[in-house]
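Listed below, chain by chain, are the residues.
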Amino acid sequence: MCRARKTEMAERMKKGLAGLLCLILTGCISLAQAFDLRATSYGPMRLDYATRRYYVGDHVSRYQEGDPLPNIWLRLDSRESLEELNSLTDFRVIKGRAMCGVLPVPLLTADMNNDWGRAYFRPMAGFNRAALDIRLEEGEKLGNVTIACQRQLKNGQTETLILPLKKVKLDMLYPKGGLRLSAGRFSPFRFERFPDWSALPATLGNILEYEANQHIPGLPERISELPWDSQAVQLFLIEGKMLKKTGFPVFDVLFSAQNPPEGFYLAEYQHCASCSEIDDFDMGEQCREKDFAILLLVEPLGRSEAEIEGLIKALEVTASFSVEQWNILHEQHLTTTGIGPRSEEAVQMAGITKGK
């Protein structure tokens, strides 16, 4: 009986392997060895303002408001031609509690006639790379997931490429400590006038948003609706330097204060004055140094000037940023379609002094 069962199981295994081999040989399925497509690394996504606007922002809108948004940025690498890679379709999860984009994160392209198009893989140093949005369900691990996509063959048939994600490694592509932010001084700040061209109410909130181009999250409406030159609050400009190692860029810097004192509100970013990007503090791969300046609004709440200055010096500020920008034109201004995982560093406040 045991020998008969073993024989039956052996025959079933032979048939199964033969069937799989037939599918591979006929081009119906591939484990992505013959065609070079590899899931090489990933990073967790953070739904902060910088990232979210590439999902449901005014000019990108890769997702609709309310859709489940990605929490994993998966890097796909290949040495195949861009033409072949950009023709891959129907990306999908075939194993695991997850979902993924039907196509990788798009890159906007323009030809010699300025006709716009989309690509999905971009040239790197010796290979091509795409980024695929993954949404893991709560408690699921990326290693349990397998994805697939379709490849169109020259003979008209299609081939299914299978990519298990079991051995894909976490990689932020950022060397911790590679960016150092140091605040040098904080100075009282005031606006000289409300812009004549503005048709908006002359409020503090409007002049901060549209003249200073700095958004202050969590600012109470009672403060935002104050007159633009109100003396009920104080503004300070925190200035400092960003020192970066070469070999990686920095995009979309966001500032935040950790557990700020009551009545302290720090601006989140510096907005471009001519478009909707937050790229004023971006740094290219070879850029080593850049200045930053961010506004701090303080509601005195009966505190003395010395007390306020002491609280400013004791602020704990962090800066978050991405080192990947998905834009084949290598500039922002309404052409970026995505940024990669967010890293962060503390802003060094120890040496900050008061300016005039």
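What this report covers is the structure whose coordinates are included nearby. Only a predicted model underlies this, so the values are computations on that prediction, with no experimental measurement involved.

### Here we look at the side chain of glutamate 140
Position of glutamate 140 among the secondary structure elements: in the loop between β9 (128-136) and β10 (146-152). As a buried residue without a salt bridge, glutamate 140 has its nearest oppositely charged side chain in arginine 97, at a separation of 4.1 Å. There is a polar contact of 2.8 Å between the side chain of glutamate 140 and the side chain of asparagine 144. Apart from residues lying up to four places away in sequence, glutamate 140 is in contact with Gly96, Arg97 and Val145.

### Considering the pairing of strand β3 (residues 72-78)
Among the 7 residues that make up β3, 7 are buried, leaving the element largely enclosed by the rest of the structure. Here β3 shows no split at all, with Ile72, Leu74, Leu76 and Ser78 on one side and Trp73, Arg75 and Asp77 on the other all buried. Examined bridge by bridge, strand β2 (residues 38-44) and β3 share 6 bridges and lie antiparallel to one another. Along β3, the bridge assignment pairs serine 41 with arginine 75. Where β3 lies against β9, 7 bridges are found, and the strand directions are antiparallel. Bridging across to β9, arginine 75 finds its partner in alanine 131.

### Description of unusual backbone geometry
You will see that asparagine 213, though not glycine, has its phi angle at about 60°, which is positive. Assignment of secondary structure puts asparagine 213 in the loop between α4 (204-210) and α5 (221-224). Despite not being glycine, leucine 301 shows a phi value in the positive range, around 55°. Relative to the helices and strands, leucine 301 is located in the loop between β17 (289-298) and α6 (305-313). By relative accessible area, leucine 301 is classed as partly exposed at 45%.

### Describing the pairing of β9
Among the 9 residues in β9, 8 count as buried, and that is most of the element. Summarising the sheet, strand β5 (residues 98-100) and β9 pair through 3 bridges and their orientation is antiparallel. Bridge pairing links cysteine 100 to isoleucine 134 in β9. Pairing of strand β8 (residues 122-123) with β9, which is carried by 2 bridges, proceeds in the antiparallel orientation. What sits directly across from arginine 122, in β9, is arginine 129. The hairpin turn running from β8 into β9, its antiparallel successor, is 4 residues long, and glycine 126 in that turn takes a positive phi close to 90°.

### Some details on the environment of glutamine 348
On the secondary structure map, glutamine 348 appears in strand β21 (residues 342-348). Residue glutamine 348 is classed as partly exposed on the basis of its relative accessible area of 35%. In this structure, the C-alpha to C-alpha distance between glutamine 348 and glycine 240, residues 108 residues apart in sequence, is 9.3 Å.

Cut-offs used in this document
Residues numbered from 1 in each chain as written. Predicted model: local features only at pLDDT ≥ 70, side-chain atom pairs only at ≥ 80, totals over all residues. Heavy atoms only, no water. Helix = DSSP H or I, 4+ residues; strand = E, 2+ residues; numbered from the N terminus. Buried < 20%, exposed > 50% of the residue type's maximum accessible area, 1.4 Å probe, protein only. Lys, Arg positive; Asp, Glu negative; His and termini not counted. Salt bridge = Lys/Arg side-chain N within 4 Å of Asp/Glu carboxyl O. Polar contact = N/O pair within 3.5 Å; in protein donor to acceptor, adjacent residues only side chain to side chain. Contact = heavy atoms within 4.5 Å. Pairing = 2+ DSSP bridges.

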